[in-house]
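# Structural overview
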Amino acid sequence: GSNPAAKVEIGADKEQAVFRIPENALHQGTNITFKLDTRGKSAGAQVGKIYHVTPVVPPDGKPITVETGDAPFVIQLPHGGKKNVNLAVGALTKDDKGRDKIVWTIVAPKQADNGAGQAVFEVKSLGDEYVHLTTKPAK
């Protein structure tokens, strides 16, 4: 994430999900996992699969939130021919009583490539989050 840029691909062809970390996006050594999560939570009106993003700064294994200092992180997900999809981002947090809680944000796409069946999203920060496509409107 510092130099050069990084890219993670999951799946193949029209079912491929891509996560990009632009050059100079991270300020310190950070491990970011981007994985398919078959047990992940959904914000509803889900399209496609659920992915889990988890950034950590070694040697600590506790997830953190990282903000890009430069260009945004890019998440590209297959939309399976569904048009007008948005990205549901569910941040894993704790409520005031210490119980697990998910706070959902719906993000509009930067671009959609309907020929390739992909929707592209840009985000300036990442935490311990579930992400998936949704037909819910962006806010």
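As the structure is a computational prediction, the values presented were derived from the model and not from experiment. Sequence order sets the numbering: in each chain, residues are counted from 1 along the sequence as written. Reporting in this predicted model follows two pLDDT cut-offs: at least 70 for local features of residues, and 80 or more for side-chain atom pairs to be given and counted; totals over whole chains, interfaces and linings ignore these cut-offs and use all residues. With hydrogens and water stripped out, all remaining heavy atoms of the structure feed into the side-chain values.

## Some words on the confidence of the model for the chain
Model confidence for the chain is summarised by a mean pLDDT of 92, while 98% of its residues fall at 70 or above. Known as pLDDT, the predictor's confidence for each residue is given on a scale from 0 to 100. Numbering goes from the N terminus for both helices and strands, where a helix is a DSSP run of H or I of at least four residues and a strand is a run of E of at least two. Per-element mean pLDDT across the chain ranges from 87 in strand 9 (residues 111-113) up to 98 in strand 12 (residues 129-134).

## Concerning the sheet that holds strand 10 (residues 118-123)
In space, the five strands of this open sheet follow the order 1-2-6-10-9, with antiparallel pairing throughout. What marks the edges here is a single partner per strand, and that holds for strand 1 (6-10) and strand 9. Recorded for the sheet is a direction-independent mean angle of 15° between the axes of neighbouring strands. Note: strand 9 against strand 10, three bridges, orientation antiparallel. Bridge pairing links Ala-112 to Ala-119 in strand 10. Only strands that DSSP links by at least two bridges are regarded as paired with each other. To obtain an axis, a line is fitted to C-alpha atoms, over the contacting stretch when the element is a helix, and the angle between two such axes runs from 0 to 180 degrees between their N-to-C directions.

## Considerations on the environment of Leu-87
Following the sequence through the fold, Leu-87 ends up in strand 7 (residues 86-94). In this structure Leu-87 comes out as buried when scored by relative accessible area, which is 0%. C-alpha of Leu-87 to C-alpha of Val-107: the two residues are 20 residues apart in sequence and 5.0 Å apart in space. In contact with Leu-87, not counting residues within four places along its chain, are Ile-75, Leu-77, Thr-105, Ile-106, Val-107, Phe-121, Val-131, His-132 and Thr-134. The buried label applies to any residue whose accessible area, calculated with a 1.4 Å probe on protein chains only, is under 20% of its type's maximum; exposed applies above 50%, and partly exposed to all values in between. The contact rule is simple, with two residues in contact once any of their heavy atoms fall within 4.5 Å.

## A look at the environment of Glu-122
Position of Glu-122 among the secondary structure elements: in strand 10. Judged by relative accessible area, which is 36%, Glu-122 ranks as partly exposed. In the structure, Glu-122 is positioned 51 residues away from Ala-71 in sequence and 8.9 Å away in space, judged by C-alpha atoms. Not counting chain neighbours up to four residues away, the residues in contact with Glu-122 comprise Pro-72, Phe-73, Val-74, Val-107 and Lys-110.

## Here we look at the side chain of Thr-68
Looking at the secondary structure, you find Thr-68 in the loop between strand 5 (66-67) and strand 6 (73-78). From its side chain, Thr-68 meets the backbone oxygen of Ala-71 in a polar contact 2.5 Å long. Leaving out residues up to four positions away in the same chain, Thr-68 has contacts with Pro-22, Ala-25, Phe-73, Val-123 and Lys-124. Under this definition, polar contacts are N or O atom pairs within 3.5 Å; protein pairs additionally need one hydrogen-donor-capable and one acceptor-capable atom, and for neighbouring residues in sequence, both atoms have to be side-chain atoms.

## Regarding the pattern of salt bridges
A side chain of one charge can pair with a side chain of the opposite charge when the charged atoms of the two come close. Whenever Lys or Arg places a side-chain nitrogen within 4 Å of a carboxyl oxygen from Asp or Glu, that contact is recorded as a salt bridge. Applying the stated criterion to the full structure yields three salt bridges. The partner of Asp-100 in a salt bridge is Lys-94, with the nearest N and O atoms 2.6 Å apart. One exposure class covers both Asp-100 and Lys-94, and it is exposed. Across the pair Arg-99 and Asp-95 runs a salt bridge, and its minimum N-O distance is 3.1 Å.

## Some remarks on unusual backbone geometry
Geometrically, the link from Pro-58 to Pro-59 is a cis peptide bond, its omega value of 5° lying close to zero. Looking at the element boundaries, Pro-59 is found in the loop between strand 4 (46-56) and strand 5. Phi is positive for Asn-24, close to 65°, though the residue is something other than glycine.

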